[in-house]
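Chain by chain, the residues:
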Protein chains: 2
Amino acid sequence: MNSKPVTRIKKINMYKISIIGYGNLGFHLVNHLSETGHKITQVFTRDKTKTRISKNKIDFIDDLELLRTDADVYFLPVKDDALKEVAKQLSLKGKIVAHCSASVEMKVLKNCTENFGVFYPLQSFSREVEVDFKNIPILIEGVNKETSSVLNDIAASLSNEVIEVNQEQRLAVHVAAVFANNFSNYLFSVAEEILKKENISYKILLPLIEETVRKVKEHAPSKSQTGPAKREDDKTIQKHLKFLSNKKELKNLYTIITDQIKSKK
Amino acid sequence: MNSKPVTRIKKINMYKISIIGYGNLGFHLVNHLSETGHKITQVFTRDKTKTRISKNKIDFIDDLELLRTDADVYFLPVKDDALKEVAKQLSLKGKIVAHCSASVEMKVLKNCTENFGVFYPLQSFSREVEVDFKNIPILIEGVNKETSSVLNDIAASLSNEVIEVNQEQRLAVHVAAVFANNFSNYLFSVAEEILKKENISYKILLPLIEETVRKVKEHAPSKSQTGPAKREDDKTIQKHLKFLSNKKELKNLYTIITDQIKSKK
């Protein structure tokens, strides 16, 4: 047996895609979609200064009147508040049009085309930080099979984790993400505030935070709960509440989360 | 110049150390202190089954009457509740005795010796998970200079981050750790619960959680806050509260944290 190993290439359909919006997500979509082999037809941004930082040779436009209709798919990575306004200006009959928002209904796009949907990558993007799209879950939703199928193709070309969801599920994911991401960051900032008063850097907590995250990679968070509330160690809880007695808001938050952890036992 | 590179060895005093308590922390202390070059004189554990899983050849005792007085330092990695009881049984005049608790006053040890203190590694330990002590902050407190100095020596032999604190500061660190670690894990479990109802695995949130942690390694959490509350995006907040309308406790928690984030603007 001397045959050479065969590299199997998964066939992925490539599309002509226009991106309307060049914020943090738009920026990364443009880069990664073109790297993956899709053709970026046009990119719309009102802010011309942003076009200077693009690595790629791109047909930037700053007026939606200049939007060509020869792309297959139009992505709208724009702010939630702007979606309605932008949708009003688009007439893309027969084309696939998807917004990228966590919590806006897809029917905001219903006057643009009959093939509307959602393409929502579950990550927080910054322009300066390179992302590994392979590990970013992409949630898709399409008004019909054709739309879902094309959005699925494009998502699968970027990521190993594509999930078809309905509107309720997408909203659930967003609420869950707010708890897991925005609110946990707020708790880190509470810790920062407490330590700052004692002249100690919040950075001493980083190994502990990393260990918490390491654990939830292996076990469900509901199974890895530790701490005084979980142990029902009321002596320690009382010491902590006394420590927080001059910080009414934090004491309130401590009490509520402690009670909720206890009630889950 | 053909001289060989010189490896400079930092001189660290090595001690004879007995460990009273062989839970998760005791286990790791025994391993790491002996690897570092200290001599483990004895280890006390009531639970003889635990001695079988030790990799090292150790003089285990299960009766405090058998505790020898030829060690220099005695560590007490035992549960907060047990500290008082164990301390009552120790008469170690002239020796250094330190407990390893986050929130118990050091004077719980005052009848054991005149040289009492605290040796508190800021990490959550599991027996199965190897730890890198070099990155674990160790908080020390000593009733006198000699005690502080010895505890500092031992801590510095294990970790790059040794912090001398007073009792108030140690309590502050513990409260901060509860917010940053136990409470953030609870928020992850809330996210898990929300997603479970929609048949979606909490694991889709892991890249987002990791990104949150990556950010606080670079910037203070108070500077990296994102999300609907930070943006004062009340439309999204209202959608989320409506989604949570049947989950009274979670709705309450969402409202409180959202209001606190808003009030920090």
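Rules used throughout
Residues numbered from 1 in each chain as written. Chains lettered and ligands numbered in written order. Predicted model: local features only at pLDDT ≥ 70, side-chain atom pairs only at ≥ 80, totals over all residues. Heavy atoms only, no water. Helix = DSSP H or I, 4+ residues; strand = E, 2+ residues; numbered from the N terminus. Rg over C-alpha atoms; globule rule 2.2 N^0.38 Å. Buried < 20%, exposed > 50% of the residue type's maximum accessible area, 1.4 Å probe, protein only. Areas by Shrake-Rupley, 256 points an atom, 1.4 Å probe, with all protein chains shown as cover. Lys, Arg positive; Asp, Glu negative; His and termini not counted. Charge placed at Lys NZ, Arg CZ, Asp CG, Glu CD. Right-handed = clockwise from strand over helix to strand, strands pointing away. Pairing = 2+ DSSP bridges. Salt bridge = Lys/Arg side-chain N within 4 Å of Asp/Glu carboxyl O. Least-squares fit on C-alpha atoms with pLDDT ≥ 70 in both. Domains from an automatic or database assignment. Contact = heavy atoms within 4.5 Å. Buried area = accessible area lost by both parts, 1.4 Å probe. Polar contact = N/O pair within 3.5 Å; in protein donor to acceptor, adjacent residues only side chain to side chain. Nonpolar A, V, L, I, M, F, W, Y, C, P; charged D, E, K, R; others polar. Phe/Tyr/Trp six-rings, centres within 6.5 Å; stacked < 30°, edge-to-face > 60°. Lys NZ or Arg CZ within 6 Å of the ring centre and 35° of its normal.

(A) The overall build of chain A, seen in detail. Of the regular secondary structure elements, chain A holds eight helices and eight strands. For chain A, the C-alpha radius of gyration of 23 Å lies well beyond 18 Å, the compact-globule estimate for 265 residues. Each principal axis of the C-alpha distribution contributes one length, and for chain A these read about 70 × 65 × 35 Å. Looking at the 265 residues of chain A, the share that counts as buried comes to 58%. Surface exposure of chain A reaches about 12,900 Å², of which carbon and sulfur atoms provide 48%. Across chain A, the centroid of the 42 positively charged side chains sits 3 Å from that of the 33 negatively charged ones.

(B) Region of interest: the pairing of strand 5 (residues 96-99) of chain B. All names here are of chain B. Neither face of strand 5 is exposed, since Ile96 and Ala98 on one face and Val97 and His99 on the opposite face are all buried. In the classification by handedness, the crossover that spans strand 4 (residues 73-76), the intervening helix 2 (residues 80-88) and the parallel strand 5 is right-handed. The pairing of strand 5 with strand 6 (residues 115-121) spans four bridges and is classified as parallel. When the bridges of strand 6 are listed, His99 appears paired with Val118.

(C) Structural detail: the pattern of salt bridges. Here the structure, examined in full by the defined rule, presents 22 salt bridges over all chains. The salt bridge involving Glu210(B) is made with Lys217(A); its shortest N-O contact spans 2.5 Å. Highlighted residues: Glu210(B) in helix 5 (residues 206-218) and Lys217(A) in helix 5 (residues 206-218), drawn from two different chains. A salt bridge links Arg231(A) to Asp233(A); its shortest N-O distance comes to 3.6 Å. When its relative accessible area of 10% is taken as the criterion, Asp233(A) is described as buried. What you see here is one network of salt bridges that share partners, running through Asp59(A), Arg68(A) and Asp70(A).

(D) Examining the relation of the copies chain A and chain B more closely. Least-squares fitting of chain A to chain B yields an RMSD of 0.1 Å, with the superposition described by an axial translation of 0.0 Å and a rotation of 180 degrees. Such a turn and shift between the copies fits a two-fold axis. In terms of C-alpha distance to the rotation axis, chain A has Ser184(A) as its closest residue, with the C-alpha 2.5 Å off the axis.

(E) Representation of the domain arrangement of chain A. Residues and elements named next belong to chain A. Segmentation of chain A into domains returns domain 1 (16-164) and domain 2 (170-263). Domain 1 and domain 2 are separated by 36 Å when their C-alpha centres are compared. Contact residues are listed per partner, giving 13 residues for domain 1 and six residues for domain 2. At the boundary of domain 1 with domain 2, total buried surface from both sides reaches about 610 Å², with 61% on carbon and sulfur atoms. Contact with domain 2 buries surface across domain 1, with Ala102, Ser103 and Leu139 losing the most and accounting together for 52% of the total. Inspection of the region where domain 1 meets domain 2 yields one salt bridge. For Glu141, the salt bridge goes to Arg170, with nearest N and O atoms at 3.0 Å. At the junction of domain 1 with domain 2, the criterion picks out four residue pairs in polar contact (both at pLDDT 80 or more). Elements represented by at least two residues in the side of domain 1 that touches domain 2 include exactly strand 6 (115-121) and strand 7 (138-142). Per-class residue counts for the side of domain 1 that touches domain 2 are seven nonpolar, four polar and two charged.

(F) Inspection of unusual backbone geometry at higher detail. Residues and elements named next belong to chain A. The phi dihedral of Glu232 falls on the positive side, at around 50 degrees, and the residue is not glycine. For Glu232, the location among the structural elements is in the loop between helix 6 (228-231) and helix 7 (234-243). Given a relative accessible area of 41%, Glu232 falls into the partly exposed group.

(G) Up close: the side chain of Glu211(A). Tracing the backbone through its elements, the reader meets Glu211(A) in helix 5. Owing to a relative accessible area of 11%, Glu211(A) belongs among the buried residues under this scheme. Once residues within four sequence positions are removed from consideration, Glu211(A) is found in contact with Gln123(B), Ser124(B), Ser126(B) and Val129(B).

(H) Main features of the packing of aromatic side chains. With the rule as written, the count across this model stands at 14 aromatic pairs over all chains. Seen in terms of ring centroids, Phe179(A) and Tyr254(B) are 5.9 Å apart; in terms of plane orientation they differ by 65 degrees. Their pairing is edge-to-face. Here Phe179(A), found in helix 4 (residues 167-196), pairs with Tyr254(B), found in helix 8 (residues 248-263), and the two come from separate chains. Residues Phe179(A) and Tyr254(B) agree in their burial class; the two are buried. Seen in terms of ring centroids, Phe125(B) and Phe133(B) are 5.8 Å apart; in terms of plane orientation they differ by 25 degrees. Their pairing is stacked. The pair Phe125(B) / Phe133(B) is uniform in exposure class, with both members buried. Three or more aromatic residues joined by ring pairs form one cluster here, namely Tyr22(A), Phe27(A) and Phe60(A). We note Arg127(A) situated over the ring of Tyr22(A); from NZ or CZ to the ring centre the distance is 5.1 Å.

(I) Representation of the environment of Gly94(A). All names here are of chain A. Its place among the elements puts Gly94 in the loop between helix 2 (80-88) and strand 5 (96-99). Remark: the alpha-carbon pair of Gly94 and Thr69, spanning 25 residues in sequence, is separated by 9.9 Å. Those residues in contact with Gly94 that lie beyond four places of it in its chain are Thr113, Glu114 and Asn115.

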